[in-house]
Amino acid sequence: MKLSIIVPTYNERENLPILVKELKNNLDDIDFELIIVDDNSPDGTWKIAEELAHDYKFLKVIRRENERDLATAVLEGFKNSNGDILVVMDADLQHPPEKILDMLKKINGADIVIGSRYIEGGEIEDWSIIRRIYSKFAKILAYIFVPKCRKVKDPLSGFFMLKREVIENTNLNPIGYKILLEILAKGNYRKVLEEPIKFCNRKRGKSSLNIGVQSKYIKHLLKLSWELKEFHRIIKFGIVGLSGIFVNLFVLWFLTSFIGIYYLYSAIFSIEASIISNFLLNDLWTFRDRRDRNWIRRLIKFNIISLPAFPMQISVMGILKEIFGVYYLMAAFIGIIIVFIWNFVANTLWTWKKIECSATQ
Ligand SMILES: Nc1nc2c(ncn2[C@@H]2O[C@H](COP(=O)(O)OP(=O)(O)OP(=O)(O)O)[C@@H](O)[C@H]2O)c(=O)[nH]1
Ligand SMILES: [Mg+2]
């Protein structure tokens, strides 16, 4: 079995020679090729790579002159590779090359093996608290927009191995940094395993992370969720929410004007009626494919999530109007949006969390 290691590079002239040497030392007994995909780095990484290729026959260099994107660079590497097993890793030595051997052992029993920072034994050397929070938040966004990746603890890792079949006949079309997310969303696979890694600090060269990368990530997530029809679910959830307002008003009117109950008591029933009707519609329509066996538990969860909606809406409105002087209707509108986000996120991650694919260990 042949291994193709794909390494995207941008301004990594200092790191590349060390990486190539380390790979050679670690993978001496293995049939492998190393494919460097460089986006015409201003520091001349491609030139260093081409020089190295004279000495190391396993090295292949692709220099792209008109593109600048990590994920498509990796796709280019896939296209030009001929191994049965593909590995993707960074050039900056943050991904320990020796781990490739452990991952190789695991790939026998899986389709994808991820070098994971977030399972037991995995660690991140020295990230600031801000970077840690940012990374966790990015992961939660991935779980919301691409539910298929939820069973994986590190779906945003840049270090992973897969069998070539996983990406054959797929329509991979990523933007930005997170090529693994695209593969988890669209690849043909049954089993994913994770191998703990220590994500070291970058010792040489400069990080390419910046605001542009973050906005590309959001674009990528939205695009994936649209393609996977996950975005449609958000729209359905919104339509159901609107229908709940009418149920609420109708029951309130019926109990108060028709039966003659004091309006504040009626409101308790009308709110619960709208919660139940929202639950039923979401269960039968929005999240039909994500139901577990226990509908009572789902109903209870839905109720628990709905409870804070009122105080949340009132406090957001109050803060916006009293402290920031926002016009009260605008404040109410923002409050509704925030409550909507809360409801959708909590329900997709908790009430209807059941995902069937991609077993992991
Ligand atoms: N071909 C190509 N490679 C890129 C591009 N941006 C980054 N890379 C490479 O992709 C890998 C990951 O990029 P990094 O900048 O290290 O990103 P990171 O590891 O999330 O950030 P740090 O922890 O700050 O290093 C490195 O090997 C980079 O050289 C790009 O636009 N094109
Ligand atoms: Mg890096």
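Computed from a predicted model, the values in this text were never measured in an experiment.

(A) Broad picture of the packing of helix α5 (residues 129–145) against helix α7 (residues 211–227). Closest axis-to-axis distance for the α5/α7 pair is 9 Å, and the angle between their directions is 15°. Considered as vectors, α5 and α7 are oriented roughly parallel to each other. Crossing geometry of α5 relative to α7 is assigned as right-handed. Residues Tyr134, Ala138, Leu141, Ala142 and Phe145 of α5 form the contact with α7, whose own contacting residues are Gln214, Tyr217, Ile218, Leu221, Leu222 and Ser225. Across the contact of α5 with α7, the residue classes tally to nine nonpolar, two polar and no charged.

(B) Broad picture of the side chain of Lys99. Here Lys99 shows up in helix α4 (residues 99–107). Lys99 has contacts with Phe159, Glu195, Pro196 and Ile197, leaving out every residue within four places of it along the chain.

(C) Seen up close, the domain arrangement of the protein. Domain annotation of the protein identifies domain 1 (3–227) and domain 2 (230–351). Each of domain 1 and domain 2 has a C-alpha centre, and these two points are 41 Å apart. Summed over the three residues of domain 1 that lose the most area to domain 2, namely Ile144, Arg150 and Trp226, the buried surface amounts to 57% of that side. Along the contact surface separating domain 1 from domain 2 lie zero salt bridges. The tally of links from domain 1 across to domain 2 stands at three residue pairs in polar contact (both at pLDDT 80 or more). For the side of domain 1 that touches domain 2, the element with the most residues is α5, which contributes four residues. Of the residues belonging to the side of domain 1 that touches domain 2, the class tally is seven nonpolar, one polar and one charged.

(D) Geometry of helix α3 (residues 70–79). Counting buried residues along α3, seven of its 10 residues qualify, which places the element largely inside the surrounding structure. Three or more residues of α3 are buried, namely Ala71, Thr72, Ala73, Val74, Leu75, Gly77 and Phe78.

(E) Representation of the packing of aromatic side chains within the structure. Tallied over the full model, the rule gives 19 aromatic pairs. For the pair Trp226 and Phe231, a centre-to-centre distance of 5.7 Å together with 55° between the ring planes defines the contact as tilted. A relative accessible area of 27% means that Phe231 is categorised as partly exposed. The ring of Trp46 has Arg63 sitting right over it, with the charged end atom 3.4 Å from the ring centre. Here the basic side chain of Arg68 rests over the ring of Tyr10, its NZ or CZ set 3.5 Å away from the ring centre.

(F) The arrangement of the nonpolar core in detail. Among the nonpolar cores identified, the biggest contains 47 residues, and Phe78, Ile112, Leu162, Leu181 and Ile183 are the most heavily contacted of them. If you count residues domain by domain, this core takes at least three from each of domain 1 (3–227) and domain 2 (230–351). Each residue touching Ile183, except ones within four places of it in the same chain, is listed here: Phe78, Ile112, Phe160, Leu162, Val166, Ile167, Leu172 and Tyr189. Counting residues in each nonpolar core, the second largest holds 32 residues, with Leu16, Ala49, Phe159 and Met161 among its members.

(G) Expanded view of the site of ligand 1. Near ligand 1, the surroundings consist of 20 residues, among which Glu12, Asp39, Asp92, Ser207 and Ser208 are the closest. Take Asp69: an N or O atom from its main chain is 3.4 Å from an oxygen atom of ligand 1. The side chain of Arg202 places a nitrogen or oxygen atom 2.7 Å from an oxygen atom of ligand 1. Taken by itself ligand 1 offers 630 Å² of open surface, and the protein chains cover 94% of this. For the shell around ligand 1, the elements supplying multiple residues, two or more each, are β1 (3–9) and α3. Looking at the shell around ligand 1 residue by residue, the classes come out as eight nonpolar, four polar and eight charged.

(H) Representation of the coordination of the magnesium ion (ligand 2) in the model. Note on the magnesium ion (ligand 2): its protein donors are Asp92 (OD) and Gln94 (OE1). The metal-donor distances range over 1.8 to 1.9 Å. Taking the relative accessible area as the measure of exposure, Asp92 reaches 3% and is therefore buried. The exposure class of Gln94 is buried, given its relative accessible area of 9%.

What counts and what doesn't
- Residues numbered from 1 in each chain as written.
- Chains lettered and ligands numbered in written order.
- Predicted model: local features only at pLDDT ≥ 70, side-chain atom pairs only at ≥ 80, totals over all residues.
- Heavy atoms only, no water.
- Axes fitted to C-alpha atoms, helices over the stretch in contact; angles between N-to-C directions.
- Helix = DSSP H or I, 4+ residues; strand = E, 2+ residues; numbered from the N terminus.
- Parallel < 35°, antiparallel > 145°, perpendicular 65-115°, else oblique.
- Left-handed = near helix turned anticlockwise from the far one by under 90°.
- Contact = heavy atoms within 4.5 Å.
- Nonpolar A, V, L, I, M, F, W, Y, C, P; charged D, E, K, R; others polar.
- Domains from an automatic or database assignment.
- Buried area = accessible area lost by both parts, 1.4 Å probe.
- Salt bridge = Lys/Arg side-chain N within 4 Å of Asp/Glu carboxyl O.
- Polar contact = N/O pair within 3.5 Å; in protein donor to acceptor, adjacent residues only side chain to side chain.
- Buried < 20%, exposed > 50% of the residue type's maximum accessible area, 1.4 Å probe, protein only.
- Phe/Tyr/Trp six-rings, centres within 6.5 Å; stacked < 30°, edge-to-face > 60°.
- Lys NZ or Arg CZ within 6 Å of the ring centre and 35° of its normal.
- Core = buried A, V, L, I, M, F, W, Y, C linked by side-chain atoms within 4.5 Å.
- Near = heavy atom within 4 Å.
- Areas by Shrake-Rupley, 256 points an atom, 1.4 Å probe, with all protein chains shown as cover.
- Donors = N, O, S within 2.8 Å, 3.2 Å for Na, K, Ca; no water.

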